[in-house]
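Summary of structural features
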Amino acid sequence: MTGPRNWLTTALRWVAGIAIAVPATLLLGASPAAAHPMPHSVVQLDVYEHSVSARLELPLDDFARASGIEVSEKTLSARTGAVRAYLVQHIRPTATDGSTWQVTVGRPTLSRAVQTDTGRYRELVVRAVLTPPAGTDVRHFTFGYDVIVHQVITHTALVTVRQDWSAGQVDGEGTTQVGTIRVDTRTMKVPALKVDLAAGSAWRGFVAMVELGGDHILTGTDHLLFLLILLLPAPLAASGGRWNGLVGARKALGRIGRITLAFTAGHSAALAATALGHLDIPAWPVEAFIAASILVGAIHAVRPLFPGKEALVAGVFGLGHGMAFSFVLAEMRLTAGQLATSLLGFNLGIELVQLLLVCLALPSLLVLARLRVQPALRLTGAVLTGTAALGWLADRLGLSNPVARAADSAGSHTTVLLAALVATAVSAVAWTLFARRRAPADPVLVV
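This part covers the side chain of Q169. Here Q169 is to be found in the loop between β8 (157–164) and β9 (176–181). Q169 sits in the buried class, given a relative accessible area of 16%. Within the structure, Q169 has its side chain in polar contact with the backbone oxygen of R162 (distance 3.3 Å).

Below is the structure:
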């Protein structure tokens, strides 16, 4: 009986040995960076016509280890000069002909960040402006950069482009990877990164701005609600301080057209004046004004406040909406030529999408006015819109609330919005055609 037991014991020992040896081999063969991943630096480039802006996001512990500069909230102000001097020494962009770019480093700040592999950590955030010599191509250069990397050999810096108007990258949300800077383990040096942004064009910038304008109005829940709530009672007649009866399809169409055109004229004029005049207007009063305009529109949908003068009100309130649109252009730091092109494209995108949405809403507005449930639906829409407006108004005056957050999140569901408008438009047209076919037999259904 000892033979089988000895065989079994030997087999178990082999299995145990393998179970221990395999993980040990994997752990011993892994590099320290793989066992304890460290956060990497991020360099985000914004490309302008005559300069490049770089936002540096530097892990604080690695920065201190490489530079010898210990930074905290208490010491940051006193050590700003040392931080800037270190960065200027280790950021060396050059043109294709070898000429050196000028590097200007801004004031550093501290922040908290998180990366998938490393979790949360503290980082130093600095913005630098890289300016080439006059007449030098800003889209092709050699990026000499070894911040942190020159001392921490396991460190890497990921270089991306966030904004590049001439390449059609204007929304600031996505990034294009340019390359990664790390130590070459064969030479133990940090090779410079060749940056090739290809050829840009004004046409690509214009098309991108058309798309951005369309997306801005489509996702701008507050702008859409203001226009739609003004259009909601357009087919109705006002008498005795109430909405009572209809005005007829032709007159309703005229009202809808005038309101839409007035809103377009108002926000287009304010957008052009604010953007081209480089007016520095605080955002919160404008945003609060927009919320108030929506609230006024919601009250008007319940009880007529300015019957027959909706176009005038749309034009006046449209001025505030246009100022809000201009904030998008102000953040891009465009040249005069780029700004004029962007203004045209951005406004064109707004108007095209606005026209599409009004055309989709038009059949429903005309049919809704003729239904018995019209008062209930109108009041429901007005109450929901007014609630959202009150939430926005409170939020923009400094009182954060869940109503404003919920209303803002509605702008992220553009596909659902378009599908709902298309479905209601198709249903309204089908109802109208059905009613007309029934008209000879049933005069009550005549539209």
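Another aspect to go through is the layout of surface pockets. Each pocket or cavity is described by its volume, and for the largest pocket that value is around 1100 Å³. Forming the walls of the largest pocket are 37 residues, and the residues nearest its centre are L225, L228, L417, A420 and L421. At the level of elements, α6 (221–231), α10 (336–368), α11 (374–396), α12 (402–409) and α13 (414–438) are the ones that each hand at least two residues to the lining of the largest pocket. Ranked by the residues each element gives to the lining of the largest pocket, the list is headed by α11, at 9 residues. Broken down by class, the residue content of the lining of the largest pocket amounts to 25 nonpolar, 11 polar and 1 charged. In this structure, the second largest pocket spans a volume of roughly 470 Å³. Lining the second largest pocket are 17 residues; nearest its centre among them are D171, E173, L212, H216 and V328. The set of elements that each furnish at least two residues to the lining of the second largest pocket consists of α5 (202–219) and α9 (310–330). A total of 6 residues in the lining of the second largest pocket trace back to one element, the largest contributor, which is α5. Partitioning the lining of the second largest pocket into residue classes produces 6 nonpolar, 6 polar and 5 charged.

Our next topic: helix α4 (residues 80–90). All buried positions along α4 are accounted for by T80, V83, Y86, L87 and H90. End-on, the buried residues of α4 take up no more than an arc of 130°, which puts them together on one face. Where α4 is buried, its residues meet β2 (52–59), α3 (60–67), β3 (91–95), β4 (102–105), β6 (119–131) and β7 (140–145).

This next bit is on helix α8 (residues 283–302). In this model α8 runs 30 Å from its N-terminal to its C-terminal C-alpha over 20 residues, within 8% of the 28 Å that 1.5 Å per residue would give. For α8, the set of buried residues is V286, A288, I290, A291, S293, I294, G297, A298, H300 and A301. In this structure, the buried residues of α8 make contact with α6, β12 (242–246), α9 and α11.

The 3 strands lie next to each other as β3-β7-β10, forming an open sheet whose pairing is antiparallel. Strands with a single pairing partner mark the edges of an open sheet, and in this sheet they are β3 and β10 (193–196). Going across the sheet, the axis of each strand differs from the next one's by a mean of 25°, ignoring polarity. Sheet topology places β7 next to β10; 4 bridges connect them, and they run antiparallel. Note on β10: the bridge partner recorded for H140 is D196.

With a phi angle near 70°, I148 is a residue other than glycine that sits in the positive phi range. The residue I148 is located in the loop between β7 and β8 in this model. A positive phi angle, close to 60°, is found at A198, a residue other than glycine. Take A198: it is sitting in the loop between β10 and α5. The partly exposed category is assigned to A198, whose relative accessible area is 42%.

A few words now on the packing of α6 against α8. One can describe the packing of α6 onto α8 by two numbers: an axis separation of 9 Å at closest approach and a directional angle of 25°. Here α6 lies roughly parallel to α8, going by the angle between them. Where α6 crosses over α8, the two elements pack in a sense that is left-handed. Across the interface between the two elements, D222, H223, L225, F226, I229 and L230 from α6 touch E287, I290, S293, I294, G297, A298, H300 and A301 from α8. Among the residues making up the contact of α6 with α8, the classes are represented as 8 nonpolar, 4 polar and 2 charged.

This part takes up the side chain of N401. In this fold, N401 is placed in the loop between α11 and α12. N401 gets classed as buried once you look at its relative accessible area, which sits at 13%. In this structure the side chain of N401 is engaged in a polar contact, spanning 2.9 Å, whose partner is the backbone oxygen of L399. A distance of 2.8 Å separates the side chain of N401 from the backbone nitrogen of A404, its partner in a polar contact. When near neighbours in sequence (up to four residues on either side) are disregarded, N401 contacts G391, A394 and D395.

Right, let's talk about the confidence of the model for the chain for a bit. In the predicted model, the chain carries a mean pLDDT of 85, and 89% of its residues have values of at least 70. Note that pLDDT drops below 50 for residues 442–447; the model gives that stretch 6 contacts with residues more than four away or on any other chain.

Turning our eyes to something else, we now look at the pattern of salt bridges. Opposite charge on two side chains lets them pair, provided their charged atoms get close. Within the structure shown, the criterion is met by 10 salt bridges. With a closest N to O distance of 2.5 Å, D62 and R65 form a salt bridge. Pair noted here: D62 and R65 are both in helix α3, with a separation of 3 residues, about one helical turn. For R65, a relative accessible area of 52% corresponds to the exposed category. Notably, a salt bridge pairs R139 with D164, separated by 2.8 Å at the nearest N-O pair.

Rules and cut-offs
- Residues numbered from 1 in each chain as written.
- Predicted model: local features only at pLDDT ≥ 70, side-chain atom pairs only at ≥ 80, totals over all residues.
- Heavy atoms only, no water.
- Helix = DSSP H or I, 4+ residues; strand = E, 2+ residues; numbered from the N terminus.
- Buried < 20%, exposed > 50% of the residue type's maximum accessible area, 1.4 Å probe, protein only.
- Polar contact = N/O pair within 3.5 Å; in protein donor to acceptor, adjacent residues only side chain to side chain.
- 1 Å grid on protein atoms, 1.4 Å probe; cavity = no way out; pocket = protein on both sides within 12 Å on 5 of 7 lines; lining within 4 Å.
- Points joined across faces, edges and corners; volume = space filled by probe spheres on them.
- Nonpolar A, V, L, I, M, F, W, Y, C, P; charged D, E, K, R; others polar.
- Arc of directions from axis to C-beta.
- Contact = heavy atoms within 4.5 Å.
- Expected span 1.5 Å × (residues − 1).
- Pairing = 2+ DSSP bridges.
- Axes fitted to C-alpha atoms, helices over the stretch in contact; angles between N-to-C directions.
- Parallel < 35°, antiparallel > 145°, perpendicular 65-115°, else oblique.
- Left-handed = near helix turned anticlockwise from the far one by under 90°.
- pLDDT = per-residue confidence, 0-100.
- Salt bridge = Lys/Arg side-chain N within 4 Å of Asp/Glu carboxyl O.

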